[in-house]
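Structure at a glance
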Amino acid sequence: MRTVRVNAASKSYDVLIGKNAVESLGEEAKKVCPGALKALIVSETNVAKIYLDVVKSRLEDAGFEVISYVFEAGEQNKNINEIAGMWNKMAEAGFTRTDFVVGLGGGVTTDMAGFAASTFLRGIKVIQLPTSLLAMVDASVGGKTGIDIPMGKNQVGAFWQPSLVLEDITFLRTLPDEVFTEGMGEVTKHAFIMDLKLFDTLEKANGSIRDDEDLLEEIVYMNVSDKASVVGEDETDNGRRQTLNFGHTVGHVIERDSGFTKPHGICVAKGMGIVIDACVRAGTLDAGEAEKMKNLLKMYDLPAEDEITPQAIVTGAMNDKKKRGDTLSVILVNKIGQAEIKKMTAEEFLKFLSV
Ligand SMILES: NC(=O)c1ccc[n+]([C@@H]2O[C@H](COP(=O)([O-])OP(=O)(O)OC[C@H]3O[C@@H](n4cnc5c(N)ncnc54)[C@H](O)[C@@H]3O)[C@@H](O)[C@H]2O)c1
Ligand SMILES: [Zn+2]
């Protein structure tokens, strides 16, 4: 088992990564939730079918009284009605401030479990058990929690750090191929913005990392370490954490324009490809480095292009919630493993994107 310590300003906690990590859930939960009697497992239909029983048993073996709340899988259910369902379930079961929530699922689940925990009784503990690659390397680490509203994704939420994140690599065995590929969008992003060693590891693996669980564990560990380092420096997204937005300013527009039919990770990859090309034209990124980055995307079945126009990108980006004032913070990569935050006006961004 590998451990990454996250030292966020508001809280420090461990991310434990390994094959069969779930076996230690009971013991670890007792350590981080002393005095707890009850646990609510939040999960969704696809994941609960496979993993709810084992997670419940591990907690019961450790002496906790365990209840569960299972919602229908899918981003469309990341809403306030489901959160209210979780609140009610805990209230009915007599949860107190020392009891805790367990998020068991992909990013939709861990975001919602975290948000329910952050609000119930003004905040109780949450342990995250991510089951998708994206949730392991990104969503479950760093404390951003929340839900969607009709006006936009992740528009309501809270910063609420987990007390523990337990990442069982064997859970990835059942993840559908296309969902795994989406997660690779964030993995390649970490390589591009801050981790040359990860880049080299991915390049050497030549697109096949799924079947080698030791390698997969190593890669997940590298990604969690990257995310932990960024969150340790800037928990609330006012500085370095913004570099994690590489490819996202453009990607979000493509995602929204598709009515959220194109998956997030795929849109981020397209966004990264578009910005990589623009960096080469602007003369801030070497063409050979750019080629290597785009090849890596291809190697992992990720697209690096989209037919969206620069004008459509700029119009969409100016409506994004991540915008601050009149300028956009655009994330550039100057060489593999090194990112820069650059403030641009709409006009500057349009010029940057235009061929
Ligand atoms: N909090 C953050 O910092 C952060 C960062 C990135 C993304 N997110 C959020 O994460 C969400 C996307 O996460 P996601 O891609 O994991 O989506 P998801 O939770 O919908 O999971 C994707 C699909 O995989 C299935 N699945 C998950 N684990 C499985 C397993 N082990 N076996 C079989 N099927 C499995 C799910 O049922 C679902 O159909 C978005 O809502 C996004 O906003 C949050
Ligand atoms: Zn993302």
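Residues numbered from 1 in each chain as written. Chains lettered and ligands numbered in written order. Predicted model: local features only at pLDDT ≥ 70, side-chain atom pairs only at ≥ 80, totals over all residues. Heavy atoms only, no water.

**A short note on the site of ligand 1**
To keep it simple, the criterion reads: Nearness is defined per residue: one heavy atom within 4 Å of the molecule or strand is enough. We call two N or O atoms a polar contact when they sit within 3.5 Å, provided that within protein one can donate a hydrogen and the other can accept it, with sequence-adjacent residues counted only if both atoms are side-chain atoms. Computed with a 1.4 Å probe, the accessible areas rest on the Shrake-Rupley method; for each residue, only the protein chains presented here act as cover. Numbering goes from the N terminus for both helices and strands, where a helix is a DSSP run of H or I of at least four residues and a strand is a run of E of at least two. As a working rule, the residues Ala, Val, Leu, Ile, Met, Phe, Trp, Tyr, Cys and Pro are called nonpolar, Asp, Glu, Lys and Arg charged, and the rest polar, with Gly in that last group.
In the vicinity of ligand 1 lie 24 residues, with E44, E75, T131, S132 and T174 positioned nearest. Measuring from an oxygen atom of ligand 1, one finds a side-chain N or O atom of E75 at 2.7 Å. Contacts to ligand 1 include K144, whose backbone N or O atom sits 2.8 Å from a nitrogen atom. Its free accessible area being 860 Å², ligand 1 has 86% of it covered by the protein chains. Of all the secondary-structure elements, those providing two or more residues to the shell around ligand 1 are α2 (45-61), α4 (107-119) and α5 (133-139). Of the residues contributing to the shell around ligand 1, the split by class is ten nonpolar, seven polar and seven charged.

**Describing a nonpolar patch on the surface**
Here is the rule we go by: Any residue with relative accessible area above 30% and no salt bridge may belong to a patch, with like charges joined within 9 Å and the nonpolar Val, Leu, Ile, Met, Phe, Trp and Tyr side chains within 5 Å. Salt bridge, as applied in this entry: a Lys or Arg side-chain nitrogen positioned within 4 Å of an Asp or Glu carboxyl oxygen. Each residue is placed in one exposure class: buried if its accessible area under a 1.4 Å probe, protein chains only, is under 20% of its type's maximum, exposed if it is over 50%, and partly exposed if it falls in between.
Residues I149, M151 and V156 make up a contiguous nonpolar surface patch of roughly 290 Å² in combined accessible area. Position of I149 among the secondary structure elements: in strand β7 (residues 144-149). For I149, a relative accessible area of 35% translates into the label partly exposed.

**Comments concerning the packing of helix α7 (residues 196-205) against helix α8 (residues 213-233)**
Axes are the key here: two packed helices are described by the angle between their axes and the distance separating the axes. Here is the rule we go by: Axis angles are defined between N-to-C directions and span 0 to 180 degrees, where every axis is a line fitted to C-alpha atoms and, for a helix, only to the segment in contact. Geometric relationships in this document are graded by angle, where less than 35 degrees denotes roughly parallel, more than 145 denotes roughly antiparallel, 65 to 115 denotes roughly perpendicular, and other angles denote oblique. Less than a right angle of anticlockwise turn of the near helix away from the far helix marks a crossing as left-handed, whereas a clockwise turn marks it as right-handed. By definition, residues are in contact when any of their heavy atoms lie within 4.5 Å.
With their axes 10 Å apart at the nearest point, α7 and α8 run at an angle of 155° to one another. Taken together, the axes of α7 and α8 lie roughly antiparallel to each other. Our pair here, α7 against α8, has a crossing hand that is left-handed. Residue-level inspection shows K197, L198, T201, L202 and A205 of α7 in contact with α8, the latter providing L215, E218, I219, M222, N223 and D226. Class assignment for the residues of the contact of α7 with α8 results in six nonpolar, two polar and three charged.

**Some points on the sheet that holds strand β9 (residues 164-168)**
Where we set the bar: The criterion for strand pairing is that DSSP finds at least two bridges linking the strands in question.
If you trace the seven strands from one edge of the open sheet to the other, you get β1-β2-β9-β6-β5-β3-β4, paired in mixed fashion. For this open sheet the edge positions go to β1 (2-7) and β4 (65-71), each flanked by a neighbour on one side alone. Strand-to-strand twist in this sheet, taken as the mean axis angle between neighbours without regard to direction, amounts to 20°. Bridge count for strand β3 (residues 38-44) against strand β5 (residues 100-105) is five bridges, and the pairing is parallel. From the neighbouring strand, A39 faces β5, where its bridge partner is F100. Across the face of the sheet, helix α1 (residues 25-32) comes into contact with β2 (12-18), β5, β6 (125-130) and β9 while running at roughly 155° to β6.

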